[in-house]
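# Secondary and tertiary structure notes
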Amino acid sequence: RLANVGIDIETLDFYHDPSKGAIRRAKKALMALGALTISGEVTDIGRAMERFPVESNYARMLVEADKYTEEVQAKLAAIIAIQEVGGIVKGGTSFTGWRAYTKQNKSDLLAQYDVYLALPNIAEFDYEDLGINAKNVDKAGEVIERLHHDLGMLDVELLAIEPEEELLLLQCITAGEIDQIWYVIDEHNTVEHIFSGQQRELSSSTVVRNP
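How each quantity is defined
- Residues numbered from 1 in each chain as written.
- Predicted model: local features only at pLDDT ≥ 70, side-chain atom pairs only at ≥ 80, totals over all residues.
- Heavy atoms only, no water.
- Axes fitted to C-alpha atoms, helices over the stretch in contact; angles between N-to-C directions.
- Helix = DSSP H or I, 4+ residues; strand = E, 2+ residues; numbered from the N terminus.
- Parallel < 35°, antiparallel > 145°, perpendicular 65-115°, else oblique.
- Contact = heavy atoms within 4.5 Å.
- Nonpolar A, V, L, I, M, F, W, Y, C, P; charged D, E, K, R; others polar.
- Salt bridge = Lys/Arg side-chain N within 4 Å of Asp/Glu carboxyl O.
- Buried < 20%, exposed > 50% of the residue type's maximum accessible area, 1.4 Å probe, protein only.
- Pairing = 2+ DSSP bridges.
- Left-handed = near helix turned anticlockwise from the far one by under 90°.
- Patch = residues over 30% accessible without salt bridge, like charges linked within 9 Å, V, L, I, M, F, W, Y side chains within 5 Å.
- Areas by Shrake-Rupley, 256 points an atom, 1.4 Å probe, with all protein chains shown as cover.
- Lys, Arg positive; Asp, Glu negative; His and termini not counted.
- Charge placed at Lys NZ, Arg CZ, Asp CG, Glu CD.
- 1 Å grid on protein atoms, 1.4 Å probe; cavity = no way out; pocket = protein on both sides within 12 Å on 5 of 7 lines; lining within 4 Å.
- Points joined across faces, edges and corners; volume = space filled by probe spheres on them.
- Phe/Tyr/Trp six-rings, centres within 6.5 Å; stacked < 30°, edge-to-face > 60°.
- Lys NZ or Arg CZ within 6 Å of the ring centre and 35° of its normal.

## Digging into the packing of helix H4 (residues 70–84) against helix H5 (residues 108–118)
Where H4 meets H5, the axes come as close as 9 Å, and the angle between the chain directions of the two elements is 95 degrees. Of the possible angle classes, the one that applies to H4 and H5 is roughly perpendicular. Contact residues: Lys 75, Ala 78, Ile 79, Ile 82 and Gln 83 in H4; Leu 109, Leu 110, Gln 112, Tyr 113 and Tyr 116 in H5. Residues that form the contact of H4 with H5 fall into these classes: seven nonpolar, two polar and one charged.

What follows is the structure, encoded as structure tokens:
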């Protein structure tokens, strides 16, 4: 937003200055998202991202969805809302009951959307045993309503993801997480960041199989 009005954040004085490293990482992420040029100019994508009241990576997803149907955009907005509040399911092997409400094996984000749609058929007193975060469920509903209002989609009903919509949603998600791509490098599900080379182990709580 600062860049869009012609201000370089590094020229501003803050009461508590953000670190130079954090600023550089932020700029690098915005360049990867296609929002800024190498010289720091805002692109058409960056200007389109600014109108969405969400984090930059989620805004990039919404811009990518502009070319798809309202139904896809509404589902993506709901997926983003769930992530904005920190997710509605608990990680770890102790909380796996929620998995019964999704058949998804390609994306944890799409899996949580499935669980959200199933909530009307789940008793609230079962949330804890199933590993569903009740507080975040309420927050997600509020953010979904706000995003749908901003997108002019309050009348669009949230339905299950159709097979032909899955790839479109995954493409939108990837556009917003382009600087966070990891790939599996061994049979133990060790993953490596495609840019930095940093290695991690794939979480045991993921629904993703054969990534």
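## Remarks on the pattern of salt bridges
In total, this model carries eight salt bridges according to the counting rule given. The partner of Asp 44 in a salt bridge is Arg 47, and the shortest N-O contact between them spans 2.8 Å. With Asp 44 and Arg 47 both in helix H2 (residues 44–49), this residue pair falls three residues apart, about one helical turn. For the salt bridge of Glu 166 with Lys 106, the shortest nitrogen-to-oxygen distance reads 3.3 Å. One end of the pair, Glu 166, is in helix H8 (residues 163–176); the other, Lys 106, is in the loop between H4 and H5, and 60 residues separate them in sequence.

## Brief notes about the pairing of strand E2 (residues 190–193)
Here E2 shows no split at all, with Thr 190 and Glu 192 on one side and Val 191 and His 193 on the other all buried. Pairing geometry for strand E1 (residues 182–184) and E2, over three bridges, is antiparallel. Bridge pairing in E2 places Val 184 opposite Val 191. Following E1, the chain reverses through five residues before pairing antiparallel with E2; Asn 189 in that reversal takes a positive phi of roughly 60 degrees. Bridge count for E2 against strand E3 (residues 199–201) is three bridges, and the pairing is antiparallel. Opposite Glu 192, over in E3, you have Gln 199 as the bridge partner. In textbook terms, the turn of a hairpin is the stretch between consecutive antiparallel strands, and for E2 and E3 this stretch comprises five residues, one of which, Gly 197, has a positive phi near 80 degrees.

## Points about the sheet that holds E1
If you trace the three strands from one edge of the open sheet to the other, you get E1-E2-E3, paired in antiparallel fashion. Two strands bound the open sheet, and with one partner strand each, they are E1 and E3. Going across the sheet, the axis of each strand differs from the next one's by a mean of 35 degrees, ignoring polarity.

## Brief notes about the packing of H4 against helix H7 (residues 134–151)
In a pair of packed helices, the angle between the axes and the distance between the axes together describe the arrangement. One way to put it is that H4 packs onto H7 with a least axis distance of 8 Å and a crossing angle of 140 degrees. Classified by the interaxial angle, the pair formed by H4 and H7 is oblique. In this structure, H4 meets H7 at a crossing whose hand is right-handed. Residues Ala 74, Ala 77, Ala 78, Ile 80, Ala 81, Ile 82 and Glu 84 of H4 touch H7, and the partners they reach there are Ala 140, Val 143, Ile 144, Arg 146, Leu 147, His 148 and Leu 151.

## A few points about a negative patch on the surface
Taken together, the side chains of Glu 124, Asp 138, Glu 142 and Glu 145 make up a negatively charged region of the molecular surface. Note on placement: Glu 142 falls in helix H7.

## Here's the deal with the layout of surface pockets
In this structure, the largest pocket encloses a volume near 1,200 Å³. Forming the boundary of the largest pocket are 31 residues, of which Asp 108, Leu 109, Leu 202, Thr 206 and Val 208 lie nearest the centre. Put simply, the parts of the chain that give the lining of the largest pocket at least two residues each are H5, H8, E1 and E3. As a volume, the second largest pocket reaches approximately 710 Å³. What lines the second largest pocket is a set of 27 residues, and nearest its centre among them are Arg 1, Leu 2, Ala 3, Leu 30 and Leu 36. Among the elements of the structure, helix H1 (20–32), H2 and helix H3 (56–64) are those that each provide at least two residues to the lining of the second largest pocket. Counting residues per element, the lining of the second largest pocket draws most heavily on H1, at five residues. For the lining of the second largest pocket, the class distribution of residues is 16 nonpolar, six polar and five charged.

## Observations concerning the packing of aromatic side chains
Counted under the stated rule, the structure contains zero aromatic pairs. The ring of Phe 95 is capped by Lys 90, whose NZ or CZ atom sits 5.0 Å from the centre of that ring.

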